[in-house]
Amino acid sequence: MEHPDLNLLLALDVLLEEGSVSGAARRMNLSPPAMSRTLGRIRETLGDPVFVLAGRKLVPTPRALAMREQVRVAVEHATQALAPATESNLTTLGRRFSVRANDEFVGIHAGRLLEAMARDMPRAMLRFSPEEDDVDVEALRSGRIDLFISASRKLGPEIRVQPLFTTTFVGVARENHPIFEDDITPDRLTRWGHIGISRRGKSAGPLDAALEAQGLQRHVSLIVPTPSAALFTLQDSDLLLPMPEHLARSALLAGLRIRLFDLPVPLETVLLTQAWHPRFQSDLAHQWLRRTILGLCRGDGIPIASRG
């Protein structure tokens, strides 16, 4: 069996990322006609057009979309295999990190993480992906994600885990909400509708269990996928929003017309961790990412219990 030209794999990866022949040609230092010929060879090899015209633009075919992640991972692994392992190479490394992270981490730390990356690994790209329906540990094992940042949970026995910081939940309401006119009791907490934040559409959580223990039940009137959507909806309604304290205080400092209040029911402190597959344990670029994230969390004065 004739071995395929692996240069086509790299070209396909760039084409899928750029979405155009001219853009891919610039990335690969080729002329547009040369890049078009390469696309023709890819089409012949795959037996698929890869890109088709939609108006004046090229759009990927269903097979190309299905291959996108597989191609990215293959190129990533090949690049790692051929690159010498030295810290000095980080400044020229065109690495792409896929990080599945919860909104609390992204909202608080993403900006400074990108600043550090621009300084130490300027050619790298960071791609945050939301929680999905697939199993997190399988996403780590398969290489679909490089790092997983979330509330602490049970993962596979081989997965490396490192605590980042702890947080508690508080209540958030618009500035002049009537809940502030009297003491905030568990009963009064249930008199108004609540906003839930869940990319997976979940409506129940620890707060519901705590209220149920007191014979109470809240009504979740609205579920949105992101904290930003919840916060902006909150300002024009009487809805209440339970959310992590660090994220709520960041929104307050940003000037949103909101007030924070202590939830009148006991809730456990939430530990956030970062987790990765052991294949990345000695990878210098991945070490830099983990070390930088840990440093950002520690720099905020958030208690860290380090291991892993």
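If you look the chain up in an unreviewed UniProt entry, it shows as LysR family transcriptional regulator from Achromobacter marplatensis. According to the UniProt record, the Sequence similarities (unreviewed entry) comment for the chain reads "Belongs to the LysR transcriptional regulatory family."

Another point: the overall build of the chain. Across its full length, the chain holds 11 helices and 12 strands. Counting only C-alpha atoms, the chain reaches 75 × 45 × 35 Å along its principal axes. Per-residue burial over the chain gives 43% buried out of 308 residues. Relative to all contacts within the chain whose residues are 6 or more apart in sequence, the contacts with residues 24 or more apart total 73%.

As a further point, take the nonpolar core. Phe-97, Val-99, Met-121, Ile-149, Leu-289 and Ile-293 are the most contacted members of the largest nonpolar core, which totals 26 residues. Among the elements of the structure, strand E3 (96–101), helix H5 (103–120), strand E5 (147–151), strand E6 (160–167), strand E12 (270–276) and helix H11 (284–299) are those that each provide at least two residues to this core. With 7 residues, the single largest contributor to this core is H11. Apart from the residues lying within four places of it in its own chain, the contact partners of Ile-293 are Phe-105, Leu-113, Leu-147, Ile-149, Leu-164 and Gln-274. Core analysis: the next-biggest nonpolar cluster, separate from the first, contains 18 residues, Leu-16, Ala-24, Met-35 and Val-71 among them.

Overall, the predicted model of the chain reaches an average pLDDT of 86, with 92% of residues at or above 70. In the model, residues 300–308 has pLDDT below 50 throughout and makes 24 contacts with residues more than four positions away in sequence or in other chains.

Below, the discussion takes up the UniProt feature "domain: HTH lysR-type" (unreviewed entry) in the chain. Summarizing the sequence annotation, UniProt attributes the feature "domain: HTH lysR-type" (unreviewed entry) to residues 4–61 in the numbering used throughout. When the span residues 4–61 is considered, its composition is 59% helix and 14% strand, and the gap between its end C-alpha atoms is 21 Å.

A few words now on the layout of surface pockets. There is about 1100 Å³ of room inside the largest pocket. Along the wall of the largest pocket there are 34 residues; nearest its centre are Phe-169, Ile-197, Ser-198, Pro-206 and Pro-244. Those elements giving two or more residues to the lining of the largest pocket turn out to be H5, E5, strand E8 (194–197), helix H8 (206–212), strand E10 (241–244) and E12. Of the residues that constitute the lining of the largest pocket, the class distribution is 17 nonpolar, 8 polar and 9 charged. The calculated volume of the second largest pocket comes to roughly 450 Å³. The set of elements that each furnish at least two residues to the lining of the second largest pocket consists of helix H1 (7–18) and helix H4 (62–82). Looking at the lining of the second largest pocket element by element, the count peaks at 4 residues for H1. Partitioned by chemical class, the residues of the lining of the second largest pocket number 6 nonpolar, 3 polar and 7 charged.

With respect to topology, 5 strands assemble into an open sheet ordered E4-E3-E5-E12-E6, the strand pairing being mixed. Looking at the sheet topology across the chains shown, the edges are occupied by strand E4 (125–129) and E6. When the angles between neighbouring strand axes are averaged without regard to direction, this sheet yields 20 degrees. Two elements, E5 and E12, share 4 bridges in a ladder whose sense is antiparallel. By the bridge assignment for E12, Phe-148 is matched with Ala-275. Of the strands in this sheet, E3, E5, E6 and E12 are in contact with H11, which crosses E6 at around 20 degrees.

The rules we used
- Throughout, residues of each chain are indexed from 1 in the direction in which the sequence is written.
- In view of the model being predicted, local features appear only for residues whose pLDDT reaches at least 70, and side-chain atom pairs are presented and counted only at 80 or more, with totals across whole chains, interfaces and linings using the full set of residues.
- Working from all heavy atoms in the structure, the side-chain values ignore hydrogens and water.
- UniProt positions are given in the numbering used here, feature names are shortened, and annotations may be inferred rather than shown by experiment.
- In this description a helix means any DSSP run of H or I spanning at least four residues, a strand means any run of E spanning at least two, and both kinds are numbered starting from the N terminus.
- Buried, partly exposed and exposed residues are distinguished by accessible area as a fraction of the type maximum, computed with a 1.4 Å probe on protein chains only: under 20%, between the cut-offs, and over 50%, respectively.
- Contact definition: two residues touch when any of their heavy atoms are within 4.5 Å.
- Grouping buried Ala, Val, Leu, Ile, Met, Phe, Trp, Tyr and Cys residues that are joined through side-chain atoms within 4.5 Å yields what is termed a nonpolar core.
- You can read pLDDT as the predictor saying how much it trusts each residue, on a scale of 0 to 100.
- Detection works on a 1 Å grid of protein atoms alone, calling trapped sets that fit a 1.4 Å probe cavities and calling open sets with protein on both sides within 12 Å along at least five of seven lines pockets, with lining residues defined by an atom within 4 Å of a point.
- Grid points are joined across faces, edges and corners, and a volume is the space filled by probe spheres set on the points.
- As a working rule, the residues Ala, Val, Leu, Ile, Met, Phe, Trp, Tyr, Cys and Pro are called nonpolar, Asp, Glu, Lys and Arg charged, and the rest polar, with Gly in that last group.
- By the convention used here, strands pair only if DSSP detects at least 2 bridges between them.
- An axis is simply a line fitted to the C-alpha atoms; with a helix, the fit covers only the stretch in contact. Between two such axes, the angle follows the N-to-C directions and lies from 0 to 180 degrees.

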